[in-house]
Amino acid sequence: MQTNILGIESSCDETAAAVVSDGEQIRSSVVASQLATHAKYGGVVPELASREHLRAIVPVVRQALVDAGVELHDLSAIAVTSGPGLVGSLLVGISYAKALSYASNVPLIAINHVEGHIHSVLLENPEVRFPAGALVVSGGHTHLFEIRAAGEYRLIGKTRDDAAGEAFDKVAKLLGFGYPGGPVIDKLAPFGDATAVRFSPVKMKGNPLDFSFSGLKTAVLRWTERHDVNADLREEIQRRKQLRKASVDDWLKVTPQRTLDLLASFQRTVIEELLRRVNLAAEEIGAESAIIAGGVASNAGLRKQALAYNGLRFYFPAPELSTDNAAMIAAAAFPKFQAKEFAGLELKAQASLVLA
Ligand code: KG4
Ligand code: ZN
């Protein structure tokens, strides 16, 4: 018999629900993004996020069931993200999942959001061989894992300060490109000279597989201070701040070459920092495959650079599965369903849940 799992995700600023059959067939995937709500504040505002989740959760789940053509009683399990994330946001998804589970007598499965991101890749690439390296890079996480065998994770490196996506967002905000920064920088970087600004590589004391992006962010800030000749840059930033919903062409009109060069150089540095460590990790654990998942995994420059690496096979999620979604949560629940790893109604939100 087919296994239909409903996934529910509300850990940050996306309310999402999806139905996945047998851990690999996406029957529906609905994502309600709160970007418009948070964009004017330059980042996610937790109180607003909880409120938006409350508004969206019922229609989003209903839509996922309708799109999949299934009813609650057709479900084998209901999977929900229990952490890590914003506690108020997580609670909305968890409370609703519990209520559905109780009312329809369908078992509940708790999923770690980071494991979900890893499954956004495994879902479409069941052929990935273990041991494998896995890098989860988003606005909230920069975590490097060894996957010894299916479901067996060991955390081998993480950021000591900002997440990679956070660095993209902060640099974009500093230069007046709005939020989120990753997609804009990704689109503009090809127009700049990635070798124009030299940022020194980050050397980590202790674990060489750890990351740090706050120094790079400060280096970009210093660059802007040095280039604020006759306030040119400040005017440039003001012009960009007045743009809303800009297209690449709009951004290009208000962005001189030296700023494009800065963006390209910044992006190249982040990509090199990420790929260098994935490569090092793969050597250490004897892996021939590496998974890269999370919002930053949609970066075109990162995907291109990864393809140029010899000796390591990289796997990326489909673009729509890179950023937060619930198909990855439902897919991650399939092995747990087979192992009968169910959660009780006492399930709590765990803001700092770790995967290891
Ligand atoms: O996985 P995600 O949707 O949410 C979190 O769990 O954080 O990731 C969002 C993050 C943001 O920081 C955003 O700027 C970054 O992913 N991002 C990108 C790109 N698309 C999204 N960063 C670089 N290049 C992109 N194309
Ligand atoms: Zn995420």
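Residues numbered from 1 in each chain as written. Chains lettered and ligands numbered in written order. Predicted model: local features only at pLDDT ≥ 70, side-chain atom pairs only at ≥ 80, totals over all residues. Heavy atoms only, no water.

Draft legend 1. Here's a closer look at the site of ligand 1. Every one of the 20 residues lining ligand 1 counts as a neighbour, but Gly-139, Asp-169, Gly-182, Asp-186 and Asn-299 are closest to it. Within the backbone of Gly-140, a nitrogen or oxygen atom sits 3.3 Å from an oxygen atom of ligand 1. In this structure, an oxygen atom belonging to ligand 1 sits 3.2 Å away from a main-chain N or O atom of Asp-324. Relative to its free-state accessible area of 560 Å², ligand 1 is covered by the protein chains to the extent of 91%. Among the detected pockets, ligand 1 sits in the largest pocket. Mapped by element, the contributors of at least two residues to the shell around ligand 1 are α4 (113-122), α5 (164-174) and α6 (181-188). (Near = heavy atom within 4 Å. Polar contact = N/O pair within 3.5 Å; in protein donor to acceptor, adjacent residues only side chain to side chain. Areas by Shrake-Rupley, 256 points an atom, 1.4 Å probe, with all protein chains shown as cover. 1 Å grid on protein atoms, 1.4 Å probe; cavity = no way out; pocket = protein on both sides within 12 Å on 5 of 7 lines; lining within 4 Å. Sits in = over half its atoms within 2 Å of the grid points. Helix = DSSP H or I, 4+ residues; strand = E, 2+ residues; numbered from the N terminus.)

Draft legend 2. Focus on the sheet that holds strand β6 (residues 132-137). The five strands lie next to each other as β8-β7-β6-β9-β10, forming an open sheet whose pairing is mixed. Two strands close off the open sheet at either side, each with one partner strand: β8 (152-158) and β10 (313-315). Averaged over all adjacent pairs, the angle separating strand axes in this sheet is 25 degrees, with direction ignored. (Pairing = 2+ DSSP bridges. Axes fitted to C-alpha atoms, helices over the stretch in contact; angles between N-to-C directions.)

Draft legend 3. Spatial organisation of helix α7 (residues 214-226). Taking 1.5 Å per residue as the helical rise, α7 with its 13 residues ought to reach 18 Å, and the 18 Å between its terminal C-alpha atoms agrees with that figure. Where α7 is concerned, the buried positions are Leu-216, Val-220, Trp-223 and Thr-224. Buried positions in α7, seen along its axis, are confined to an arc of 100 degrees and lie on one side of it. Elements that come into contact with the buried residues of α7 comprise α5, α8 (232-241) and α10 (257-285). (Expected span 1.5 Å × (residues − 1). Buried < 20%, exposed > 50% of the residue type's maximum accessible area, 1.4 Å probe, protein only. Arc of directions from axis to C-beta. Contact = heavy atoms within 4.5 Å.)

Draft legend 4. Inspection of the coordination of the zinc ion (ligand 2) at higher detail. Protein coordination of the zinc ion (ligand 2) is provided by His-113 (NE2), His-117 (NE2) and Asp-324 (OD), with donor distances spanning 2.0 to 2.1 Å. Around the zinc ion (ligand 2), the four donor atoms are arranged such that angles at the metal cover 93 to 146 degrees; this shape is classified as irregular. When the donor residues of the zinc ion (ligand 2) are listed from N- to C-terminus, their spacing reads H-x3-H-x206-D. In this pair, His-117 sits in helix α4 while Asp-324 sits in the loop between α12 (319-322) and α13 (327-338), placing the two residues 207 residues apart along the sequence. Look at His-117 and you get buried, because its relative accessible area is 0%. A relative accessible area of 13% means that Asp-324 is categorised as buried. (Donors = N, O, S within 2.8 Å, 3.2 Å for Na, K, Ca; no water. Tetrahedral: all angles 85-135°; square planar, octahedral: opposite > 155°, others 65-115°.)

Draft legend 5. Here's a closer look at the nonpolar core. Phe-266, Leu-274, Ile-292 and Phe-314 are the most contacted members of the largest nonpolar core, which has 46 residues in total. Among the secondary structure elements, those contributing two or more residues to this core are β6, α5, α6, α7, α10, β9 (289-293) and α11 (300-307). Counting residues per element, this core draws most heavily on α10, which supplies 12 residues. Look past the residues within four positions of Ile-292 in its chain and what remains in contact with it is Val-121, Leu-135, Val-137, Leu-275, Ala-297, Leu-302, Phe-314, Tyr-315, Phe-316 and Pro-317. In terms of nonpolar packing, the next biggest core, distinct from the first, is built from 25 residues, Ile-8, Leu-65, Val-92 and Leu-347 among them. (Core = buried A, V, L, I, M, F, W, Y, C linked by side-chain atoms within 4.5 Å.)

Draft legend 6. Representation of the environment of Val-248 in the model. Within the element layout of this structure, Val-248 appears in helix α9 (residues 248-253). With 79 residues separating them along the chain, Val-248 and Ala-327 place their C-alpha atoms 30 Å apart. With sequence-adjacent residues up to four places away left out, Val-248 is seen in contact with Lys-187, Leu-188 and Phe-191.

Draft legend 7. Representation of the domain arrangement of the protein chain within the structure. Split into domains, the protein chain comes out as domain 1 (4-121 + 322-338) and domain 2 (130-316). Taken over C-alpha atoms, the centre of domain 1 sits 27 Å from the centre of domain 2. Contacts between domain 1 and domain 2 engage 18 residues on the former and 19 residues on the latter. Buried area between domain 1 and domain 2, summed over both chains or domains, comes out near 1,400 Å², and the portion from carbon and sulfur atoms is 73%. In terms of surface lost to domain 2, no three residues of domain 1 exceed Ile-118, Val-121 and Ser-322, which account for 39% of the buried area on that side. Inspection of the region where domain 1 meets domain 2 yields three residue pairs in polar contact (both at pLDDT 80 or more). Put simply, the parts of the chain that give the side of domain 1 that touches domain 2 at least two residues each are α1 (35-39) and α4. (Domains from an automatic or database assignment. Buried area = accessible area lost by both parts, 1.4 Å probe.)

Draft legend 8. Here's a closer look at the side chain of Asp-261. Relative to the assigned elements, Asp-261 resides in helix α10. Setting aside residues no more than four positions away along its own chain, Asp-261 makes contact with Gly-192, Asp-193, Ala-196 and Val-197.

Draft legend 9. Focus on the pairing of strand β5 (residues 108-112). With four of five residues buried, β5 lies mostly within the body of the structure. Bridging between strand β4 (residues 77-83) and β5 involves five bridges; their strand directions are parallel. Bridging across to β5, Val-80 finds its partner in Ala-110. For the crossover from β4 across helix α3 (residues 87-104) to β5, the handedness is right-handed. (Right-handed = clockwise from strand over helix to strand, strands pointing away.)

Draft legend 10. View of the pattern of salt bridges. Taken as a whole and judged by the stated rule, the model has 17 salt bridges. One salt bridge connects Arg-160 with Asp-210, and the closest N-O pair in it is separated by 2.9 Å. Note that Arg-160 is positioned in the loop between β8 and α5 and Asp-210 in the loop between α6 and α7, a separation of 50 residues in sequence. Relative accessible area serves as the criterion here: at 10%, Asp-210 is assigned to the buried category. (Salt bridge = Lys/Arg side-chain N within 4 Å of Asp/Glu carboxyl O.)

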